[in-house]
Amino acid sequence: MALWLPRLSTDRLTRLIVSPDRAALAKTPLVVAGRANNALYVYALNKAAVRAGIYHGQPLANARAMIQTLKIVPADEKRDAELLEGIADWCDRFTPLVALDSPQGLLLDITGVTHLFGGEEAMLSLARAKIAAQGFAVQGAIADTCLAARALARHANGTVAPPDENARMLAPLPVAALDCNEDIMRALRRAGLKTIAQVAERGRAELASRFGGGFVTRLDVMLGRHEKPLAPRRPLPDFRAEQRFAEPVITKDVIAASLHTLATSLSGMLEREDQVLRHLEAFFFRANGKVERIAIRTGAPLRDPAVMLRLLDERLDALAGPLDPGFGFDVIRLEASLTEKNEIVTASFDDNENSRWQIAFLVDRLAARFGEHRVQRFVAQDTHIPEAQSATIPAQERDFTGTWMRRRKDDDPPLRPLRLLERPEEISAPLFMAQEGAPRRFRWRKADFHVVRAEGPERIAMEWWKKDGLTRDYFRIETDQGLRFWLYRDGLHREAGLHSRWYLQGIFA
Amino acid sequence: MTVPAYAELAVTTNFSFLRGASHPKDLVERAAELGLDGIGIADRNSLAGVVRAHETWKKLEPDTPLKLLIGARLVFRDGTPDILAYPKDRKAYARLCRLLTIGKLRAPKGECFLDLADLEEKNRRGLLLIVIPPANPEEAKPVLAFLGRDTWLAASMLYTGEDRRRLRTLKQVARTACVPLIAVNDVLYHNPGERDLQDVVTCIREHMGLHEAGRLLEANAERHLKTPEEMARLFRQSPEAIEETLRFAGVIRFSLSELGQRYPREPVPRGKTPDGHLRDLTEEGLKRRYPKGVPDKVLELAEKELRFIAEKRIAHYFLTVHDIVQFARNKNILCQGRGSAANSVVCYALHVTSVDPMEIDVLFERFLNTERSEPPDIDVDFEHERREEVIQYVYRRYGKRRAALTATVICYRPRSAIREVGKVFGLSEDVTGKLADTVWGHHGDDISDAQVRQGEQDPHNAIVKRAVGFAKRLLGFPRHLSQHVGGFVLTRDKLDWTVPIGPAAMEDRFFIEWDKDDLDTLKIMKVDVLALGMLTCIRKAFALIRAHENVAEEKLTLAMEPTDPTVYEMLCKADAVGVFQVESRAQMNMLPRLQPRKLYDLVVEVAIVRPGPIQGGMVHPYLKRRKQKRENPDTVFGIPKPDKRFDQNELMPVLEKTLGIPLFQEQAMKMAIVAAQFTPDEANGLRRAMATFRHMGTIGSFEQKFIGGMTRRGYELGFAEACFEQIKGFGSYGFPESHAASFALLVYVSAWIKKYHPAAFAAALLNSQPMGFYAPAEIVRCARDNGKVNVLPPDAAYSDWDCTIERDEKGRLCLRLGLRQIDSFSEAEAQTVMHERGFGYRDFADFVRRTGLSKRALVILAEADALRGFGLDRREGLWAVRRLPDDKPLPLFARLSAPEQGLEQIAPLPQMPLSEHVLTDYQTIRLSLKAYPTQFLRSRFDEEGFVSCQSVGAFADGDFVRCAGIVLVRQRPGEGTAIFITLSDETGICNVVVWERTFARFRKEVMGARLLLVEGKVQKSPEGVIHLMAERMTDRSADLRLLSGDALPPVAPTHRHPRNVRVLPPSRDFH
């Protein structure tokens, strides 16, 4: 059985809306916009949009020109894929053999199960009705082979091809149902062969010499002469180690010993393939069927079994309750669910380099214990605005760019303080001052300060394309007590007049 | 306290492309305003902007103490800090030019590779150098030590937070290196308000959005010109650095005024002076021109010109032009002089021009002005396909260091500006593309709200508004330098002593950094070697006629005698598709009204549909008088007269020939002299003021003088105003009588070929593409309908690359379309087909084996239905090609021994419907000989009540009709307020006029539709010109999809030249 959800992306969006509005929404043309070659195009669209004359692959600007009220949502292929997975899971109720036919279809091997649902016709209707009730447009068909079912689902919705009659059912379908590449389709169209029947009538040698043996095989498969097995839905991870126990294990020691064995063997596998892992998963299958799953992400590439175990320990310790073995685990499995090629790192005599690795490991341990988003690091942002020059991201994240401002020479004093106040605090400075000078004294947090040295100004204009702001003149100053502050005047004389405000933004260590 | 004085020496203009954010003019004017004592223009490895600065400064000079210093900012590839270089004198200037030339010749086009080593002693003598210190000033020490004397170290106070600390270090560095410290502000724009624009151009340069550019942008807005007081305040710790700027400026004596051309000496026979040689050549030439004896008037004129040439010592220039033309003639390259040169008897005698001075009044003043010391300007057109030979000849003759092409400054236009600015603001390309597409053509100097709305964007959307705002400010900014089409500068000395030369994108081409306006400013002569497609076309047509038509050679020379009434008859009927200059819609409308009967009428015809006469409102009065004259040849027309104090007939000699109505630029200029009492020099100044945008400021005073001058002498105010409007119109598209006269002859010749040899004419036009207004489809249609030519499709079995003439079984001449008509089929492949053909191909298999064409090429041929010669129609052809093995590089000779595929017996494929054939024809060869697309839609159109194009003429004036057709051409003549659209269907064509206001409403339809429905009123003129005045328009392009089962992609507006516009998009079946 093949199922096809032609409006998966738009239906997903529509389903998010509560029902009374949903009917109204169904009438509004809605498109999902994808991006290709720096131009937006129509990636998916709802029925109303089709009715309005918009089509798949149309440049978005043209579509917008056709309908002023067009609702446009950016494409989210990941969400769509997740949703399709979800529907596939749900289809488990019909048969355990469900395959994804991405991006919008599912294939179900229903050999030998149809009688449970009252026959093929009834089963197809049931599947379509149930999915439709969830708010999805769905088409489906049943045939002897996947390819035939797929073609029928897309081009002759609701067909149940009687056994051995694929060819007859497929005959009137357009050549598009062959679902071969654009080049072949065009060649067929150009030759005036518009239906599958017209193609099927021609000699196999004639077709093979033009479109290759693959095409002929495909045609024959579709017409029911060969069959290919369904591909499994979830690819198995490349690296996993599993231990099955004759008796369910309960004691911590045994579990720890088992993990040790598994980690060592996983490490061995990785080493043979010259891989390192970035994502480690541990599964504890309880005898009663429940599965405990622990996932760990690492910032530093990992292969050392001892490190794996320490990270697992951190996580296990951090769980709210201890790992509950119930009546014991009968299977424990370790999977390397994300791996990458090992970049050879030459061992370094440099302490800096070694401590970098230690920090990475510390970060991984902390993240394993507190959660990935709890451990953050600063990254440099490329801007002149002081308070926007740093941002935080999860510390395990490796992909970041940006360089910190450098000092010009090693012995130069720092141009800016390391730490800034949460937000600049206004200080009271004498109202009238010489043009472009720093204040002689000021009052901050109810204390008076006398400035003995000052350097500046550093003039920083705001980013005019974001919001309007005044230009700031920054000064580094030292008070008579030896305190060093970073002050600025908000606004040049020509912008703010003589009465500009003063702020204290940072303190030099 | 003394008043501070300061000269700014580090100024970057927008000729440092995408770095500076102000025009040189603005910078110089601002510097004068601020009271600076000097301004030094130093662009990045370039002198491209200095002439404009010089020109502005020249105007200000009398009233300002400002001194202009000419220099360049040397930017090195070896990590050396930037150095500003200012030449002390002319010799040092030559060294600077040479230095930049060396750098440019090392680098690809538009770049300059310099190393510090290039500044060795012999190159830098006389150059004053200012080193811009790097981030760590200590690193400047070795450079300062290397450079030695005449070197300064720059210091700037740009609010970095440590200015004073840095200044102290710089002082130390300067002291140890024994060089003076000099203050600069490293200026990028004239006003602090331009900071945002500077940020935008930085982003364009770095291909970044504003949000990602970060610290690539300047931190503040301080890099503008500052007053001496402000600079003195900033440098209060080192006032000597400020004083140094004046000392620096004081040392420099060089000014661009010292440049001037040293024109190369042409070889002269032993014992003769150049003037004597020119005189001999002229006399010889005149004898050839007038075999029956040279008329006295001509002799007199020639004498006057020769005297003048001798006095101005420009005989060499004429000898150069003569030599180039001589070369072309020896090589059988057609050429013809045009422009002001046609005003010269000497040029006529030297066979540079073909306008007989007996027939057209030559206006010596227009050509050579005794008062102005400007160089003459001779433009010569050559066949466009063979001009390169002439160019290479010039290089060979003068050497690459003495000859180079002029530059063209490519500026931001609305389309390029909005595209690039849009990107900076993060607008996606489809949005900026839409905005850009609403701009008509490449030119224009504004982006209006209406256009933004037409681009389906909200002009009030903040981002769009901002982007459009910046795009407007960017208009007119130079973007890059490119080579001028053919303006050559020649010098006796090395040219790179006057201006830097760099390589062009084309191999073996070099161009200088200045454009023609710059050269005019500096009074440097140039020779224009231009390209004209029609000359190519004429030569090709003659070659075809000689080869295929058994025409006596004497008959062909008749083409040059512009007297045949049948040729004029054809033009009067507006049958002018493909004819030079008069094939545009506006010209075709004019032809039946003007009724040209002799060459001079064609001169008028060419010149009248121009902004000048149109803006001056002279067209209708002239046509009216012509009509009267036709009806009553004895009519005498009055001319505008001054009041009684003056000669009542003073304008008679000026206006006589054009029935008392001024039409030509020469007439307007003469009127300025005669009626408004301008001196010839002033009149010429007026013409020049109009010709270039950057002189706009001076127009007001001319206007007063002109109108005032005429009314004071008793002319009517309205007439004076109209004349001035006309002069303004001439400004942007100067089209003098002499120019029109040069062109008129080509109009006649091309019309003659069209009339008597339509097949050869069409073939030559097609073989000279791209040229002219019309797409191949229209040229072919015209040949079939008006010329009764039998046209045969391109066919691999018979066609050459070019279109050819052949005779069918009955011996009639036919036009065989060439393989060049097939989109994507390459000339090399066509050459193989021709080369291997011999006595013909046996069958398709034979063709495939012998030509060894790639499968892609064969698919293209089959797709274009060009295999019928082998008995395969489009479908069969494609099916057969599909069977061939895929291309793989066969080893040498393997092709010969490759096994042949066995013959295949297959069932016939379904017939392709005619409509689909037509559709595919349009997709592959852009025309169909089988049928017209609209005829398949006719029944549908009938149901909806649309009339055919031809039947529009059958309606009465004022009737309301609805007519749908394929859009052939859209035109908007220069300054016109109307848009012309030509619709066509299987019955003929229909001329639609859209007024500006209607256009504004239906812009999208007009610009985008391939199949357009027009509703409006029929308008008929007494001369039989029929127009459909559009009131409503609908895009019916979608109907074209009905021709095939395959849905066509919808129409996206594309604005290429009308002849490139496709009726249908190319099939996506290959590429």
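Residues numbered from 1 in each chain as written. Chains lettered and ligands numbered in written order. Predicted model: local features only at pLDDT ≥ 70, side-chain atom pairs only at ≥ 80, totals over all residues. Heavy atoms only, no water.

> Now, about the overall build of chain B: what can you tell me, with residues and values included?
Each helix and strand counted, chain B has 45 helices and 22 strands in total. The long-range share in chain B, meaning contacts at least 24 apart out of those at least 6 apart in sequence, stands at 72%. Carbon and sulfur atoms provide 52% of the accessible area of chain B, an area that totals close to 43500 Å². (Helix = DSSP H or I, 4+ residues; strand = E, 2+ residues; numbered from the N terminus. Contact = heavy atoms within 4.5 Å. Areas by Shrake-Rupley, 256 points an atom, 1.4 Å probe, with all protein chains shown as cover.)

> Give a description of the interface of chain B and chain A that names residues and reports values.
Of the residues lining the interface, 59 residues belong to chain B; the matching set on chain A comes to 56 residues. Both sides together, the interface formed by chain B and chain A hides about 5100 Å², and carbon and sulfur atoms give 45% of it. It is Arg 215, Trp 879 and Arg 882 of chain B that lose the most area in chain B upon contact with chain A, and together they represent 17% of the buried surface on that side. Across the chain B-chain A interface, the total number found is four salt bridges. Where Asp 183 of chain A meets Arg 882 of chain B, a salt bridge forms, and the shortest distance between an N and an O atom there is 3.0 Å. (Buried area = accessible area lost by both parts, 1.4 Å probe. Salt bridge = Lys/Arg side-chain N within 4 Å of Asp/Glu carboxyl O.)

> How would you sum up the sheet that holds strand 5 (residues 127-131) of chain B? Please name residues and give values.
Residues and elements named next belong to chain B. The mixed open sheet is built from seven strands, whose spatial order is 1-2-3-4-5-6-7. The sheet is open, and its two edges are formed by strand 1 (7-11) and strand 7 (181-183), each paired on a single side. Each adjacent strand pair in this sheet contributes to an overall mean axis angle of 30°, direction not counted. As judged from the three bridges shared by strand 5 and strand 6 (residues 151-155), these two strands associate in the parallel manner. Residue pairing in the sheet places Leu 129 in a bridge with Thr 151 of strand 6. Each of strand 1, strand 2 (38-44) and strand 3 (67-74) touches helix 1 (residues 24-33); the most contacted strand, strand 2, lies at about 155° to it. With respect to the sheet, helix 3 (residues 90-106) is in contact with strand 3, strand 4 (83-87) and strand 5, its orientation differing from that of strand 3 by roughly 30°. (Pairing = 2+ DSSP bridges. Axes fitted to C-alpha atoms, helices over the stretch in contact; angles between N-to-C directions.)

> Help me get a handle on the packing of aromatic side chains, residues and values and all.
Residue and element names in this part refer to chain A. Considering all chains together, one arrives at 40 aromatic pairs over all chains under this definition. Seen in terms of ring centroids, Tyr 474 and Trp 486 are 4.1 Å apart; in terms of plane orientation they differ by 25°. Their pairing is stacked. Linking Tyr 474 in strand 17 (residues 472-479) with Trp 486 in strand 18 (residues 484-490), this pair joins segments that are twelve residues apart in sequence. Its relative accessible area of 1% is what places Tyr 474 among the buried residues. What makes Trp 486 buried here is its relative accessible area of 1%. Among the aromatic residues, ring-to-ring pairing joins Phe 442, Trp 444, Phe 449 and Phe 485 into one connected group. (Phe/Tyr/Trp six-rings, centres within 6.5 Å; stacked < 30°, edge-to-face > 60°. Buried < 20%, exposed > 50% of the residue type's maximum accessible area, 1.4 Å probe, protein only.)

> Which residues make up helix 17 (residues 414-424) of chain B, and what values do they have?
Residues and elements named next belong to chain B. Among the eleven residues that make up helix 17, nine are buried, leaving the element largely enclosed by the rest of the structure. Where helix 17 is concerned, the buried positions are Pro 414, Arg 415, Ser 416, Ala 417, Ile 418, Glu 420, Val 421, Gly 422 and Val 424. At the C-terminal side of helix 17, Gly 426 shows a positive phi close to 80°.

> So what's going on with the side chain of Asp 381 of chain B? Residues and values would help.
Along the chain, Asp 381 of chain B falls in strand 9 (residues 378-383). Sequence-distant contacts of Asp 381 of chain B, that is, excluding residues within four places in its chain, are made with Leu 334, Cys 335, Gln 336, Arg 338, Leu 530, Ala 531, Leu 532, Leu 535 and Phe 743 of chain B.

> Give a description of the state of the cysteines that names residues and reports values.
All names here are of chain B. Across all of its chains, the model carries zero disulfides over all chains by this definition. Of the cysteine sulfurs around Cys 803, a residue in no disulfide, the closest is that of Cys 537, at 11 Å. In this model Cys 990 remains outside any disulfide bridge; the closest cysteine sulfur is found in Cys 963, 4.4 Å from its own. Exposure remark for Cys 990: the relative accessible area of 3% places this residue in the buried category. (Disulfide = S-S within 2.5 Å.)

> Account for the pairing of strand 5 of chain B, naming residues and giving values.
Residues and elements named next belong to chain B. For strand 5, a buried count of five out of five residues is recorded, marking the element as mostly surrounded by other parts of the structure. Residues Leu 127, Leu 129 and Val 131 point to one face of strand 5 and Leu 128 and Ile 130 to the other, with burial holding for every one of them. Two strands pair when backbone bridges link them, and strand 4 and strand 5 are joined in this way by five bridges, in the antiparallel orientation. Across the sheet, the residue bridging to Ala 85 is Leu 129, located in strand 5. In this fold, strand 5 hands off to helix 5 (residues 141-147), which returns the chain to strand 6; that crossover is right-handed. (Right-handed = clockwise from strand over helix to strand, strands pointing away.)

> How would you summarise the pattern of salt bridges if you had to cite specific residues and measurements?
All told, the structure shown has 88 salt bridges over all chains when counted by the stated rule. Put simply, Arg 215 of chain B and Asp 382 of chain A hold a salt bridge, and the shortest N to O gap is 3.0 Å. Of this pair, Arg 215 of chain B sits in the loop between helix 8 (210-213) and helix 9 (228-234) while Asp 382 of chain A sits in the loop between strand 12 (376-380) and strand 13 (390-394), each in a different chain. For Asp 382 of chain A, a relative accessible area of 35% puts it in the partly exposed group. For the salt bridge of Glu 29 of chain B with Lys 25 of chain B, the shortest nitrogen-to-oxygen distance reads 3.4 Å. Remark: Lys 25 of chain B and Glu 29 of chain B occur in helix 1; sequence separation between them is four residues, near one turn of the helix.

> Go over a negative patch on the surface with me, naming the residues and quoting the values.
Residue and element names in this part refer to chain A. A contiguous patch of negative charge on the surface is contributed by Glu 120, Glu 121, Asp 144 and Asp 164. Mapped onto the elements, Asp 144 comes out in the loop between strand 7 (139-141) and helix 7 (146-155). Residue classification places Asp 144 among the partly exposed residues on the basis of a relative accessible area of 37%. (Patch = residues over 30% accessible without salt bridge, like charges linked within 9 Å, V, L, I, M, F, W, Y side chains within 5 Å. Lys, Arg positive; Asp, Glu negative; His and termini not counted. Charge placed at Lys NZ, Arg CZ, Asp CG, Glu CD.)

> Describe in detail the packing of helix 7 of chain A against helix 12 (residues 213-222) of chain A, supporting the description with residues and values.
Residues and elements named next belong to chain A. Remark: helix 7 packs on helix 12, axes separated minimally by 7 Å, with the N-to-C direction vectors making an angle of 80°. For the element pair helix 7 / helix 12, the angle class is roughly perpendicular. Residues Leu 147, Ala 148 and Ala 151 of helix 7 touch helix 12, and the partners they reach there are Arg 218, Val 221 and Met 222. Among the residues forming the contact of helix 7 with helix 12, the class breakdown is five nonpolar, no polar and one charged. (Parallel < 35°, antiparallel > 145°, perpendicular 65-115°, else oblique. Nonpolar A, V, L, I, M, F, W, Y, C, P; charged D, E, K, R; others polar.)

> How would you explain helix 28 (residues 619-631) of chain B if you had to name every residue and give the values?
Residue and element names in this part refer to chain B. With 13 residues, helix 28 ought to run about 18 Å at 1.5 Å a step, and its terminal C-alpha atoms sit 19 Å apart, in line with that. For helix 28, every residue scored as buried is listed here: Val 619, Tyr 622, Leu 623 and Arg 626. Within helix 28, the buried residues cover an arc of 95° as seen down the axis, which keeps them to one side. More than 90 degrees from the buried face of helix 28, the exposed residues found are His 620, Lys 624 and Glu 631. On its buried face, helix 28 sits against helix 25 (585-594), helix 26 (599-608) and helix 27 (611-615). (Expected span 1.5 Å × (residues − 1). Arc of directions from axis to C-beta.)

> How would you summarise the pairing of strand 11 (residues 478-490) of chain B if you had to cite specific residues and measurements?
Residue and element names in this part refer to chain B. Within strand 11, ten of the 13 residues are buried, leaving the element largely enclosed by the surrounding structure. In terms of strand pairing, strand 10 (residues 403-411) meets strand 11 through eight bridges, oriented antiparallel. Across the sheet, the residue bridging to Ala 403 is Leu 490, located in strand 11. Where strand 11 lies against strand 14 (residues 526-532), three bridges are found, and the strand directions are antiparallel. Pairing of Phe 488 across the sheet is with Val 527, part of strand 14.

Bear in mind that shape data such as this cannot, by itself, settle questions of function.
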